[in-house]
Structures are given as C-alpha cells and as structure tokens.
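Commentary on secondary and tertiary structure
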Amino acid sequence: MEYVGSIYEGEYHNGRLEGSGVYTLQTGTRYEGEMKDGMYHGKGTLHFPLGNKYEGIWEKGIAIEGKYTFADGLKYKDKDWEYCDGYNRKFYTEICNGLKPAGGSQLTNLDSPREIPEGVMTVGMD
C-alpha cells in the first residue's frame, strides 16, 4: 500500500485485509467498515473529502445497496427529487433553516462566503 499512497489500519487474516478496518486512499477518501480477502465486504461507509458519504452493503468490493448523503445532510433520492429543481431553487440549508433576510442571500450551499482581502478587486454579484 505504501507504493500507491493508501493507508490501512485494521485487522488482517493470512496477510490480507480482513475484518474491521479503515482504508484511506491517496485522494483522502476513507472507507470504514468490513473487509474480506482485501476488498470491501459487508457493512461500510465511504467518506469523501468534502464531507459527502456513502453508507452501504458491499460484496467483493462492489456496493450492492446503500444511501448517499451530501455534506449538508441532504439524502440523495433517485425518485421524487425535490431539491434544486425548476420550481424550487433554494439550497438545502435554506429549505431546512429558512431564507435569510434581504441582502443576506446565500451564494453557495456553504453558508460562509470567502473573505476578500482589503485592496483586492473582485468581480461578482452583490
């Protein structure tokens, strides 16, 4: 694993990743869960660097069922998706917490906009 930049902390059996463990990829994506014969197998969660996660049941390295949750808590649904459609363009945090007062609109789903240093010109919509 040191050759590909990944890290594994957990149980081994016959020199193979097997049992419970945490496998961190070079990209920062982290799998926490059950392993068998060096593959994701059983219950496990993939945690992505920006805070999204996929909780699932794995079989020989392939997810056979599960649910995806975005960093803001929104759960993905493949049917009856009511988020950010043509009729309602609010961010999920606005749906959960309500709209901000006039002049305090969200520009992204991350509530805090970046600070612009004094003397720096920016092009934006304010």
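What you see is a predicted model, and the numbers here were worked out from it, not measured in a lab.

About the thresholds
Residues numbered from 1 in each chain as written. Predicted model: local features only at pLDDT ≥ 70, side-chain atom pairs only at ≥ 80, totals over all residues. Heavy atoms only, no water. Helix = DSSP H or I, 4+ residues; strand = E, 2+ residues; numbered from the N terminus. Buried < 20%, exposed > 50% of the residue type's maximum accessible area, 1.4 Å probe, protein only. Contact = heavy atoms within 4.5 Å. Core = buried A, V, L, I, M, F, W, Y, C linked by side-chain atoms within 4.5 Å. Phe/Tyr/Trp six-rings, centres within 6.5 Å; stacked < 30°, edge-to-face > 60°. Pairing = 2+ DSSP bridges. Axes fitted to C-alpha atoms, helices over the stretch in contact; angles between N-to-C directions.

Its place among the elements puts threonine 29 in the loop between β2 (16–24) and β3 (30–36). By relative accessible area, threonine 29 is classed as buried at 9%. Not counting chain neighbours up to four residues away, the residues in contact with threonine 29 comprise Tyr23, Thr24, Leu46, His47, Phe48 and Pro49.

In this structure, Tyr8, Leu17, Tyr23, Tyr31, Met35, Tyr40, Leu46, Tyr54 and Trp58 together form the largest nonpolar core, which totals 9 residues. Elements supplying a minimum of two residues to this core: β2, β3, β4 (39–47) and β5 (53–59). Not counting chain neighbours up to four residues away, the residues in contact with tryptophan 58 comprise Tyr31, Tyr40, His41, Gly42, Lys43, Gly44, Leu46 and Ala63.

We now examine the packing of aromatic side chains. Inspection of every chain in the model, using the stated rule, returns 8 aromatic pairs. Centre to centre, the rings of tyrosine 8 and tyrosine 23 are 6.5 Å apart; their planes meet at 45 degrees, and the pair counts as tilted. Linking tyrosine 8 in strand β1 (residues 7–13) with tyrosine 23 in strand β2, this pair joins segments that are 15 residues apart in sequence. Take tyrosine 8: its relative accessible area is 9%, and that puts it in the buried class. On the basis of relative accessible area, tyrosine 23 is assigned to the buried category, the value being 16%. With 5.2 Å between their ring centres and 80 degrees between their planes, tyrosine 68 and phenylalanine 70 make a pair best called edge-to-face. Given a relative accessible area of 24%, tyrosine 68 falls into the partly exposed group. Members of the aromatic cluster, joined through ring pairs, are Tyr31, Tyr40, Tyr54 and Trp58.

Bringing the sheet that holds β2 into the picture now. Read across the sheet, 6 strands follow the order β1-β2-β3-β4-β5-β6 without closing on themselves; strand pairing throughout is antiparallel. The open sheet has two edge strands, β1 and β6 (62–69), and neither has a second partner. Across this sheet, the average inter-strand angle for adjacent strands is 10 degrees, counted without regard to direction. As defined by bridge partners, β5 adjoins β6 across 7 bridges and the pair is classed as antiparallel. Residue pairing in the sheet places tryptophan 58 in a bridge with alanine 63 of β6.

What follows is about unusual backbone geometry. Positive phi outside glycine occurs at asparagine 14, with the angle close to 55 degrees. Relative to the helices and strands, asparagine 14 resides in the loop between β1 and β2. In the Ramachandran plot, aspartate 37 falls in the positive-phi region, its phi being about 55 degrees despite a non-glycine side chain. Tracing the backbone through its elements, the reader meets aspartate 37 in the loop between β3 and β4.

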